[in-house]
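Understanding the architecture of this molecule
Below are the chains, spelled out letter by letter.
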Amino acid sequence: MNDKILKRAESKITERRQLANERARQNLLKAYTAPEFKELYNAQREAEIELARRQAYGEPFADIQRTLQQISLKQEFCLKTLGLNSTDLYPNYECKECNDTGYADGHLCNCLKKEINKQLMQYSGFTHKLSTFEDNKYDHPAFDLMQKWCNTKNNKTNILISGYTGTGKTFLTECIANELIKNNRVVLFSSAFNLNNQLLNYHISFDAGREQIIKPFLESEVLIIDDLGTEPMLKNVTCEYLYMIINERMLNNLTTIITTNLDMNDILTNYGERIFSRLANKKISILIRLENEDLRLKSE
Ligand SMILES: [Zn+2]
């Protein structure tokens, strides 16, 4: 993942954690203004230390436990008069999976993935709400097929959606993106034109930040390339890096979804055999053709 995107997403989660910690701290300070609470709080700390000590030395500790229970009852009562609960004294993290750290069991937590997706949406240039399968008015089996695909584990890594303008390609890909994001997948949506520009930037830059340009395209769990064929063909760039991206993603079992106006022959002619064979192979790709005649808007 692009470091900037990851860092921004992580900092959102960190902010949440700090906010929860700060709220708890403020509540404790507020409670501390009541002398009775302060006394109870100090007594509680002492009893907790004593409990730990006795447990460590194998001494009986049932009476200390009782003391602690009594203290917490009194504390609860005291806090009520201040408009607080005992839970208010501890950070109330938004994500219970990771306590707002962004990582659970060494993996990206779903809350962090959600933030990454938000950042990726901006990166993709999306300002509108994505279409959903629920909004679908197209009467085409591909919609059901893809909705199911989004909700099942599938070993086919590539999806090629072809069809002329106005057949609902972009609509379908938006639905797919939305559904995958709902399932906590990290999705990058890019027009072929934008991708091509980024590939050119990558090609002509020689500084240390070079890899960051291409990283999101290589590493996002799902990459959607919209409208392949509308980008200008740049010598030594378009086909070469597109192949690299598709191939590397396949090696890493990452899904690439491509929409295009082109038919199979055009893809073979314009992009060459290596790209064609990876997209057209039915063993590893799902091929969807949206035809005009298949497209009937359901009567409203
Ligand atoms: Zn989380």
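Residues numbered from 1 in each chain as written. Predicted model: local features only at pLDDT ≥ 70, side-chain atom pairs only at ≥ 80, totals over all residues. Heavy atoms only, no water.

The next point concerns the coordination of the zinc ion. Within the protein, Cys95 (SG), Cys98 (SG), Cys109 (SG) and Cys111 (SG) serve as the donor atoms for the zinc ion, at 2.2 to 2.3 Å. If you look at the zinc ion, its 4 donor atoms make angles of 100 to 116 degrees with each other, and the shape they trace is tetrahedral. Expressed as a motif, the donor residue spacing for the zinc ion is C-x2-C-x10-C-x1-C. Taken individually, Cys109 and Cys111 each receive the classification buried, so the pair is uniform in this respect. (Donors = N, O, S within 2.8 Å, 3.2 Å for Na, K, Ca; no water. Tetrahedral: all angles 85-135°; square planar, octahedral: opposite > 155°, others 65-115°. Buried < 20%, exposed > 50% of the residue type's maximum accessible area, 1.4 Å probe, protein only.)

Next up on the list: the packing of aromatic side chains. Pairs of aromatic rings are described using the distance from one ring centre to the other and the angle between the two planes. On inspection of all chains with the given rule, the structure shows 6 aromatic pairs. Relative to Phe143, the ring of Tyr138 has its centre 5.6 Å away and its plane inclined at 15 degrees; by these criteria the two rings are stacked. Overall, Tyr138 belongs to the buried group, its relative accessible area being 19%. Taken together, the ring pairs in this structure connect Tyr32, Phe37 and Tyr41 into an aromatic cluster. Of note, Arg45 hangs over the ring of Tyr41, and the distance from its end group to the ring centre comes to 4.4 Å. (Phe/Tyr/Trp six-rings, centres within 6.5 Å; stacked < 30°, edge-to-face > 60°. Lys NZ or Arg CZ within 6 Å of the ring centre and 35° of its normal.)

A word on the confidence of the model for the protein. On average, residues of the protein carry a pLDDT of 89, and 95% of them reach 70 or more. Segment residues 294–300 is flagged for pLDDT under 50; beyond a separation of four residues in sequence, or across chains, it makes 13 contacts in the model. (pLDDT = per-residue confidence, 0-100. Contact = heavy atoms within 4.5 Å.)

Roughly 190 Å³ of volume is contained in the second largest pocket. As for the second largest pocket, its lining consists of Lys114, Asn117, Lys118, Met121, Lys129, Leu130, Asn178, Ile181 and Lys182. Secondary structure elements with two or more residues in the lining of the second largest pocket: helix H4 (110–123) and helix H6 (169–182). The biggest single contributor to the lining of the second largest pocket is H4, with 4 residues. Here the residues of the lining of the second largest pocket sort into 3 nonpolar, 2 polar and 4 charged. (1 Å grid on protein atoms, 1.4 Å probe; cavity = no way out; pocket = protein on both sides within 12 Å on 5 of 7 lines; lining within 4 Å. Points joined across faces, edges and corners; volume = space filled by probe spheres on them. Helix = DSSP H or I, 4+ residues; strand = E, 2+ residues; numbered from the N terminus. Nonpolar A, V, L, I, M, F, W, Y, C, P; charged D, E, K, R; others polar.)

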